[in-house]
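# Examining the three-dimensional arrangement
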Amino acid sequence: MAAPDRPHLESNQMGVADIVFFVLALIAPVGVVVSLTTLSIAFGAGAGTPGVYVIAGVALALFAVGYVRMSHRITNAGAFYAYISCGLGRTAGTAAAYVAVVAYNAAAIGVLGALAFFANVSLRDVLGVDLSWQLWAIIAFVLVAVLSYFEVTVSAKVLGVALLAEVAVLLALDVGVLIDKGFHGFSLDVFSPSVVFSSGFGVSLMLALGSFVGFEATAIYGEEAKDPARTVPRATYIAIGAIALFYLLTTWAVVTAYGVDAAQAAAAKDPAGFVFAAEFQYAGNLATDGMQVLVVTSLFASFLAVHASASRYHFALARDGVLPRALARTHPKYGSPIAGSAAQLALTAIVVIAFALAGQDPYLVMGIGLYGVAVIGIVTLQALTSFAVIRYFLRERTGESRLATLVAPLLGGIGLSVGVALMAINYGALTGSTTAWINALPWVLVVAAVAGVLVVVVRQPAGWTEFDSALEPAAEPG
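I will try to describe carefully the structure that is included in this document. All of these numbers come straight from a predicted model, not from anything done at the bench.

The rules behind these values
- Residues numbered from 1 in each chain as written.
- Predicted model: local features only at pLDDT ≥ 70, side-chain atom pairs only at ≥ 80, totals over all residues.
- Heavy atoms only, no water.
- Helix = DSSP H or I, 4+ residues; strand = E, 2+ residues; numbered from the N terminus.
- Buried < 20%, exposed > 50% of the residue type's maximum accessible area, 1.4 Å probe, protein only.
- Polar contact = N/O pair within 3.5 Å; in protein donor to acceptor, adjacent residues only side chain to side chain.
- Expected span 1.5 Å × (residues − 1).
- Bend = angle between axes of the 7 residues up to and from the residue.
- Axes fitted to C-alpha atoms, helices over the stretch in contact; angles between N-to-C directions.
- Parallel < 35°, antiparallel > 145°, perpendicular 65-115°, else oblique.
- Contact = heavy atoms within 4.5 Å.
- Nonpolar A, V, L, I, M, F, W, Y, C, P; charged D, E, K, R; others polar.
- Left-handed = near helix turned anticlockwise from the far one by under 90°.

## Let's talk about the side chain of Thr94
You can see Thr94 is positioned in helix α5 (residues 90-127). The exposure class of Thr94 is buried, given its relative accessible area of 0%. Here Arg90 takes part through its backbone oxygen, which lies 2.8 Å from a polar atom of the side chain of Thr94.

Following this line, the structure appears as structure tokens:
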């Protein structure tokens, strides 16, 4: 329960479906398949990409076991921050808080850059609407500002419609390939260790983990969920299972469309048109045009969802005095975190204007560069949370299963830590840039972590007493 005067979000708003829509929309299925999956096939493990998605899914499923156990005990919109604070201490938790703020804001701005770029290109080609990327960015910015103002369920409904359309167009590709090739055409060689663990495995694992970024947001909506002890775990498992299965089937279908031996060369030759060409051949022109439009709606849905996550981190941290208290203000009627939302939008506007004035590419520089920072930051937080879960349950001795609170988090944490190391080593491949300052962007996360430590050293945030009183165990699901 929250302390009597503790600012709070509107409770009892979101069911399992609402949270799942938010999370899956944040991940942007069409956007990931067109961009990250193509790069994985082209420059990573090639035909072994489906197998890499299985490995990433298993690592994140292990992480999720401990993560949802913590959601039973603690309901807080700053999920990573709260869990790491309770498991590893205030210093680690506050450092994680600042990393989370940077990561989620970087993700929001990066997604907006990609959205503006693809809106400019795809909608011009398909609909004949020729607007600059800057104007598309403004349009998306205004729409998200309006939707984030109202109750969270309004955004969930918008995201649900967009998500269903994305799933439909990608399933059309999957089914088209299946009808043409048959079950026997889907070669099991994509799971062969010699194919999966090829020289490009590190790049593919990095991109696969990046494809899942966002599923952890289920716990962020715990304060607004109906019966969070039930809703958050169910939404988490549904989301990660759906994501893993969806990417596995779609990457397998795309590889099958070109052939195991030819897929990597085809993707490397034409990364931008790789998936669209397969869609055209196996699903037809209408589906291909639909996919080009849905790349835009997919990225818009992702921008809306990641903006919502960043806004709630602002709210949670401001409520505890880690960020300025003014950011904890919520709308008196809708319960939405309007101050946190306004701060996120203001930061987005400043950064986008700066990139535009500098003449930088909205996709390759602003989009991929900032999203890369977000991926490293969030996967780092996932790894730290795994170790925080272990320490928390060893200390509290709650009687929880050791398999769920020790073994699974340990394996997940180790796997994610390896992923972080591979991301750091291969960051240049993620951004596709040789520019020094772009490839140095991950150091911003280190600066953020140090800033969090200094907050603890210099002053104890004023909201920590209320933070402690609010972290009472949630009711166990029956």
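## Topic: α5
For α5, built from 38 residues, the straight-helix expectation of 56 Å at 1.5 Å per residue is met to within 8% by its first-to-last C-alpha distance of 52 Å. Where α5 bends most, at Ala119, the angle is about 25°. Of all 38 residues making up α5, 28 are buried, and the element is well covered by its neighbours. Positive backbone phi, at 75°, marks Gly128, one or two positions downstream of α5.

## What to know about the packing of helix α14 (residues 338-357) against helix α15 (residues 362-396)
The geometry of α14 relative to α15 is characterised by a closest axis approach of 10 Å and an angle of 135° between their N-to-C directions. If you check the angle between α14 and α15, you find them oblique. Note on element contacts: α15 touches α14 through Val365, Met366 and Leu370, opposite Val351, Val352 and Phe355. When the residues that make up the contact of α14 with α15 are grouped by side-chain class, the tally is 6 nonpolar, no polar and no charged.

## Some points on the packing of helix α2 (residues 29-43) against helix α10 (residues 228-258)
Interhelical geometry of α2 versus α10 gives an angle of 55° and a closest axis separation of 11 Å. When the axes of α2 and α10 are compared, the pair comes out oblique. The interaxial crossing formed by α2 with α10 has right-handed handedness. Of the residues in α10, those in contact with Pro29, Val32, Val33, Thr37 and Ile41 of α2 are Phe246, Tyr247, Thr250, Thr251, Val254 and Val255. Residue composition of the contact of α2 with α10, grouped by class: 8 nonpolar, 3 polar and no charged.

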